[in-house]
Amino acid sequence: MSYFFEQEFIINEIVKRGSRKVLLQFPEGLRYFSTEIVSTLEKSLPDVQFIISGEPSWGACDIAEDEAQILGVDLIVHFGHTPYTWYYPKFPTLFVKTTSKIEINERWIDEILGKVRKYNPKVISLSSTIQHSTLLSEIKERLTNNFRIIIGKPSNPFMMDGQILGCDYKAIPQDVDLHLNVSGGVFHPIGIGLTTGKPVINLDPYSGKVEDLTEEIRKILKIRYSKIMQAFDARTWIIIQGIKVGQNRPLMVKYMEKKLKERGNTVYIMSNKVLNIDTLRNIDRKYVDAYIVTSCPRLPTDDLFSFEKPVLTPGEAKMVINNSLEPYIFPW
């Protein structure tokens, strides 16, 4: 398998906790290996029942606590994430980082240098998702002769240096010229660009592709500003309160509701667990002007960007409330 699933650590923890029934929760990309993991664990723990969760898992804010209670398990083993910055599960949960076994390719370094030199930076921040955090020190060493490289400190002690989440970029220093990120796909580096407004280069270790996403991020930012501008004229709002265990932010909902009503706006609150365009269309009315999503800030920018009315992140909604276009606030 191409990841370190830390089976010995899991086995020792299950024995230490005396767990008899365990729910294994995987992100979409790692569930492919789930049956092999169960086979390995069962050899050492034949008296323990393992259940694979087939539900989507989008992060450490999305722990299967309700599912675990329904199934009557003793422990959740959650793969692929570290504990969330603002939320730690109430149900017994074991986090397994699941770092990748992919190693640095010399060609990647050459391509990174080629992309980065276009901007003539002096200081570069280096970041990654948890799967590739083990590559950061080596990449830093390879680039140090050319630039000053900074690997930032994360927002909580459970995370690795330089580690980012789709909604948490505390490990990204602001006082740099360019951001170099290591992650599969463009989801995380786009978030870096929206947060910082600086050039972003991404290394995808799965495809081996080094990509300059700066122009794509600028296009996305233009779209986000068009949504914000539309929302300045909004009079009727729907605030969406997430009910996934790590996405329920009642204080944020109250703040948004209070501030909008102070502007003389009409506000409705809707609870939701899985949000998509059909969900919005089923509640939308002609007199509803705009929406705020308080559950996950990536839903407005990624999944709901094409909805026919403004769907804002909390940061964007705050810009409207403050009647200000600068600075762009992302994610919160």
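Worth saying up front: this structure is predicted, and the values here are computed from it rather than measured.

Caption draft 1: A look at the packing of aromatic side chains. Per the stated rule, a full pass over the model turns up 11 aromatic pairs. On the basis of an interplanar angle of 55° and a centroid distance of 5.6 Å, the ring pair of Phe5 and Phe33 is categorised as tilted. Residue Phe5 is found in the segment before α1 (7–17), and its partner Phe33 is found in the loop between β1 (21–25) and α2 (34–44); the two are separated by 28 residues along the sequence. For the pair Phe5 and Phe33, a shared accessibility class is recorded, and that class is buried. Residues Tyr328 and Phe330 carry aromatic rings whose centres are separated by 6.5 Å and whose planes lie at 10° to one another, so their mutual orientation is stacked. Among the aromatic side chains, those forming a connected cluster through ring pairs are Tyr3, Phe5, Phe26, Tyr32, Phe33 and Phe79. The positively charged end of Lys101 is found above the aromatic ring belonging to Phe4, 5.2 Å away from the centroid. Seen from the ring of Phe187, Arg298 lies directly overhead, with NZ or CZ sitting 3.8 Å from the centre.

Caption draft 2: Spotlight on the sheet that holds β1. Ordered in space as β2-β1-β3-β4, the 4 strands form an open sheet in which the pairing is parallel. Single-partner strands in this sheet number two, and they are β2 (49–52) and β4 (93–96). Strand-to-strand twist across the sheet, computed as the mean angle between neighbouring axes with direction ignored, equals 20°. Sheet strands touched by α1: β1, β2, β3 (75–79) and β4. Its angle to β4, the strand with the most contacts, is close to 165°. The strands touched by α2 within the sheet are β1, β2 and β3, with β2 carrying the most contacts at an inclination of about 175°.

Caption draft 3: Focus on the nonpolar core. In this structure, Ile228 and Trp237 are the most contacted members of the largest nonpolar core, which totals 31 residues. Breaking this core down by element, the ones donating at least two residues are α6 (187–196), α7 (214–231), β10 (236–242), α8 (250–262), β12 (290–293) and α11 (314–321). Among the elements that line this core, the one with the most residues is α7, at 5 residues. In contact with Ile228, other than residues within four places in its own chain, are Leu312, Glu316, Met319, Val320, Leu325 and Tyr328. Ile14, Leu41, Leu75 and Val96 belong to the second-largest nonpolar core, a separate cluster that totals 21 residues.

Caption draft 4: Spotlight on the environment of Val176. Looking at the element boundaries, Val176 is found in the loop between β6 (148–150) and β7 (178–182). In contact with Val176, not counting residues within four places along its chain, are Val123, Ile124, Ser125, Ile150 and Lys198.

Caption draft 5: How the structure looks around the domain arrangement of the protein chain. Partitioning the protein chain into structural domains gives domain 1 (7–96), domain 2 (106–218) and domain 3 (233–322). The gap between the C-alpha centroids of domain 1 and domain 2 is 30 Å. Taken together, the contact between domain 1 and domain 2 spans 7 residues of the former and 10 residues of the latter. Taken together, the two surfaces of domain 1 and domain 2 that pack against each other cover about 730 Å², and 61% of this comes from carbon and sulfur. Between domain 1 and domain 2 we count 0 salt bridges in total. Run the count over domain 1 and domain 2 and you get 5 residue pairs in polar contact (both at pLDDT 80 or more). Its residues assigned to classes, the side of domain 1 that touches domain 2 shows 4 nonpolar, 3 polar and no charged.

Caption draft 6: Representation of the pattern of salt bridges in the model. By the definition in use, this model includes 18 salt bridges. Measuring nitrogen to oxygen at the nearest pair gives 2.9 Å for the salt bridge that ties Asp161 to Lys153. You can call Lys153 exposed: its relative accessible area is 58%. Glu316 is the salt-bridge partner of Arg224, the closest N and O atoms lying 2.8 Å from each other. Placement of the pair is Arg224 in helix α7 and Glu316 in helix α11, with a sequence separation of 92 residues. Comparing Arg224 with Glu316, the two get one shared label, buried.

Definitions and limits used
- Residues numbered from 1 in each chain as written.
- Predicted model: local features only at pLDDT ≥ 70, side-chain atom pairs only at ≥ 80, totals over all residues.
- Heavy atoms only, no water.
- Phe/Tyr/Trp six-rings, centres within 6.5 Å; stacked < 30°, edge-to-face > 60°.
- Helix = DSSP H or I, 4+ residues; strand = E, 2+ residues; numbered from the N terminus.
- Buried < 20%, exposed > 50% of the residue type's maximum accessible area, 1.4 Å probe, protein only.
- Lys NZ or Arg CZ within 6 Å of the ring centre and 35° of its normal.
- Pairing = 2+ DSSP bridges.
- Axes fitted to C-alpha atoms, helices over the stretch in contact; angles between N-to-C directions.
- Contact = heavy atoms within 4.5 Å.
- Core = buried A, V, L, I, M, F, W, Y, C linked by side-chain atoms within 4.5 Å.
- Domains from an automatic or database assignment.
- Buried area = accessible area lost by both parts, 1.4 Å probe.
- Salt bridge = Lys/Arg side-chain N within 4 Å of Asp/Glu carboxyl O.
- Polar contact = N/O pair within 3.5 Å; in protein donor to acceptor, adjacent residues only side chain to side chain.
- Nonpolar A, V, L, I, M, F, W, Y, C, P; charged D, E, K, R; others polar.

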